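Summary of the model geometry
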Amino acid sequence: MEQGRLPTRVMVVKSGEEDSPTVMEAGAVLRAGGLVAFPTETVYGLGASALDEQAVAGIFKAKGRPTDNPLIVHIDSFASLGQYFQRVPERARLLAAHFWPGPLTLVLRDDNRFPAVVSGGLGTVAVRVPAHPVALALLRAAGVPVAAPSANASGRPSPTTAAHVLDDLDGRIDLVLDGGPAGLGVESTVLDLTGEQPVILRPGGVTPRQLEALLGPVKLDPAVNGAAGDEKPRSPGMKYTHYAPQAPVMLFDGNDSARMAKRILAEAERLAVRGQRVGILACRDNESMYQGKGYAVVTTGWRDEPGTIAAALYESLRCFDRQSVDAILAEGVSTEGLGLAVMNRLLRAAGGNVVKI
Ligand code: AMP
Ligand code: MG
C-alpha cells in the first residue's frame, strides 16, 4: 500500500450468503461513486457505476490504465440490456440465451447512454452478464450498470483471488468483496457484433467452436494470435504488453512437448551460467523434467486439459514475482478450446518474445 492512503476494506462473502448486508453495503458504495473489486467467474473485476463519469475515471486512475482502453459494462440480466441499447441485434439475443450469465462479452453500437470514458470514444460499448453469484448480487444491490475491467494494476497478470487484488490495489480502492478464487481463471471472450460477421476480439471463456455452433463462421481478429504492438487492434486492450510478471517472459511454442522441454532446459542452462535465477512455467506433464536443477519451477495444469491451465495461469505468473526470478521460460500450449485464450495471454505476457520449436 502507498503511504498516506487508507487500507482497502476487505469483506468476505460466503457461498450461499450473497444476499447479505455486506453485499448491500458494497452496492451502496458503487452507487455513491466508489470503487469495489468483486469476484466473477472469470477473474476479479474492479467496478464503478458505469453511469458516473468521475467514478469510472477513478478506475483508470487506480489501475494506471491507458484511457483509450475501454471497459466492459456488467449488467444483471439480458432483460436490462434494452435500457441501454435501442436496438438489440438478433444475434445478441441468441448468444445471451445460450451464454449469459457467463464469460461472453458482446460489443454493440453505442447509444450514448454511458459517459464516453467507458467506451474510450470508440462508438461501441462492450457488455456482459457475469455468472458469479456475488457479482450478480452486487449488480442487483447497486441498481446501476457496473463498468469493470480486471482488478489488477494495468499490465500485470489479472487477479484470480482477493489477495491478488490487494497486492496491486490496496489503498487505491474502497472495498474488495472476497468470494474465494475466481473459477475460470481467464477473462471473457470479447465478440464484436457491430459488423456483418461476428469477430472475436479477445479469446476467453467461451470458445470459437461454441460460438460457431450457434452463429456459423466467426472471424478471429488478427491481433489475437499476434503479439503486443501489432498495428491497430480493434480491441485496444490487445495492443499493450499485458498480463506480465516482473521478469521478462520467453514463450516456447510448438506441439512436441519433449522437444520443448529440451529447448527450455538448454536456454535455462545458458541463463544460469550467466548468473541469472531462472523460472520455468511448466505443464504438470513436464514438471519432473525441470526439477532438481536449481530452477524455480511453477506448474499450471495438464497439457490436454486447457481448463486446468487457465485456472492456474495468473496465480502461476504472480508466483514468479514472489520468487524474484530474473527470467521466465514458459511452455506454450495447443490453441484448442480454452488453450486459445491461454496462449493469447502468454503471448502478451511475453511481449512477442516467442521461440517457435
Ligand atoms: P479487462 O476487463 O481488463 O479484461 O479489459 C476489457 C477488454 O475489453 C479490453 O481488452 C478492452 O480493449 C476490451 N473492450 C472493452 N470495450 C470494448 C469495445 N467497445 N470495443 C472493443 N473492445 C473493447
Ligand atoms: Mg484486464
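That block above? That's the structure.
Predicted, not measured: the structure shown is a model, and the values here were computed from it. (Residues numbered from 1 in each chain as written. Chains lettered and ligands numbered in written order. Predicted model: local features only at pLDDT ≥ 70, side-chain atom pairs only at ≥ 80, totals over all residues. Heavy atoms only, no water.)

Time to look at the packing of helix 3 (residues 90-99) against helix 7 (residues 208-215). Between helix 3 and helix 7, the least distance of the axes is 11 Å, while the angle of their chain directions is 125°. With respect to helix 7, the axis of helix 3 lies oblique. Where helix 3 crosses over helix 7, the two elements pack in a sense that is right-handed. Counted together, Arg-91, Leu-94, Leu-95, His-98 and Phe-99 of helix 3 and Gln-210, Leu-211, Leu-214 and Leu-215 of helix 7 form the full contact between these two elements. In terms of residue class, the contact of helix 3 with helix 7 is built from six nonpolar, two polar and one charged. (Axes fitted to C-alpha atoms, helices over the stretch in contact; angles between N-to-C directions. Helix = DSSP H or I, 4+ residues; strand = E, 2+ residues; numbered from the N terminus. Parallel < 35°, antiparallel > 145°, perpendicular 65-115°, else oblique. Left-handed = near helix turned anticlockwise from the far one by under 90°. Contact = heavy atoms within 4.5 Å. Nonpolar A, V, L, I, M, F, W, Y, C, P; charged D, E, K, R; others polar.)

Time to look at the packing of helix 10 (residues 306-322) against helix 11 (residues 339-349). Running from N to C, helix 10 and helix 11 point in directions that differ by 35°, and their axes come no closer than 9 Å. In this structure, helix 10 meets helix 11 at a crossing whose hand is left-handed. Only Gly-339, Val-342, Arg-345 and Leu-346 of helix 11 make contact with helix 10, whose side of the interface consists of Pro-306, Ile-309, Ala-310, Leu-313 and Tyr-314. Residue composition of the contact of helix 10 with helix 11, by class: seven nonpolar, one polar and one charged.

Taken as a whole, this structure holds zero disulfides when the rule is applied. Lacking any disulfide linkage, Cys-283 is separated from the closest cysteine sulfur, that of Cys-319, by 15 Å. By relative accessible area, which is 2% here, Cys-283 ends up buried. (Disulfide = S-S within 2.5 Å. Buried < 20%, exposed > 50% of the residue type's maximum accessible area, 1.4 Å probe, protein only.)

On to empty space enclosed by the protein. Inspection of the entire model under this criterion finds one cavity of 30 Å³ or more. Here the largest cavity defines a volume of roughly 40 Å³. Lining the largest cavity, in full, are Leu-281, Ala-282, Cys-283, Thr-300, Ile-309, Leu-313, Glu-331, Val-333 and Leu-346. For the lining of the largest cavity, the secondary-structure elements that each account for two or more residues are strand 13 (278-282) and helix 10. Of the residues in the lining of the largest cavity, the class split is seven nonpolar, one polar and one charged. (1 Å grid on protein atoms, 1.4 Å probe; cavity = no way out; pocket = protein on both sides within 12 Å on 5 of 7 lines; lining within 4 Å. Points joined across faces, edges and corners; volume = space filled by probe spheres on them.)

Let us look at the sheet that holds strand 6 (residues 124-128). In space, the 11 strands of this open sheet follow the order 1-8-2-3-7-4-6-5-9-10-11, with mixed pairing throughout. Whereas interior strands pair on both sides, the edge strands pair on one side only; in this sheet they are strand 1 (9-12) and strand 11 (219-220). With four bridges connecting them, strand 2 (residues 36-39) and strand 3 (residues 44-49) associate as antiparallel partners. The residue bridging Phe-38 from the neighbouring strand is Gly-45, located in strand 3. Each of strand 5 (104-109) and strand 9 (189-192) touches helix 3; the most contacted strand, strand 5, lies at about 160° to it. (Pairing = 2+ DSSP bridges.)

As a further point, take the pattern of salt bridges. All told, the structure shown has 12 salt bridges when counted by the stated rule. Arg-128 is the salt-bridge partner of Glu-41, the closest N and O atoms lying 2.7 Å from each other. A residue pair is termed long-range when its members are at least 10 positions apart, and Glu-41 in the loop between strand 2 and strand 3 and Arg-128 in strand 6 qualify at 87 residues. Assessed through its relative accessible area of 2%, Arg-128 is described here as buried. Notably, a salt bridge pairs Arg-93 with Glu-90, separated by 3.4 Å at the nearest N-O pair. With Arg-93 and Glu-90 both in helix 3 and three residues apart, this pair spans about one turn of that helix. Owing to a relative accessible area of 58%, Glu-90 belongs among the exposed residues under this scheme. (Salt bridge = Lys/Arg side-chain N within 4 Å of Asp/Glu carboxyl O.)

A few words now on the sheet that holds strand 15 (residues 327-331). Read from one edge of the open sheet, five strands run 14-13-15-12-16, paired in parallel fashion. Sheet topology places strand 14 (296-299) and strand 16 (354-356) at the edges, where each strand pairs with a single neighbour. Pairwise comparison of adjacent strand axes, ignoring direction, gives a mean angle of 20° for this sheet. Across four bridges, strand 12 (residues 249-253) lies against strand 15 in parallel orientation.

Enumeration according to the criterion identifies four aromatic pairs in this entry. Considering the side-chain rings of Tyr-243 and Tyr-314, the 5.7 Å spacing of their centres and the 25° angle between planes classify their relative orientation as stacked. Of the two residues, Tyr-243 is situated in the loop between strand 11 and strand 12 and Tyr-314 in helix 10; the sequence distance between them amounts to 71 residues. When sorted by exposure, Tyr-243 lands in the same class as Tyr-314, which is buried. Aromatic ring contacts, followed pair by pair, group Tyr-84, Phe-85 and Phe-114 into a single cluster. (Phe/Tyr/Trp six-rings, centres within 6.5 Å; stacked < 30°, edge-to-face > 60°.)

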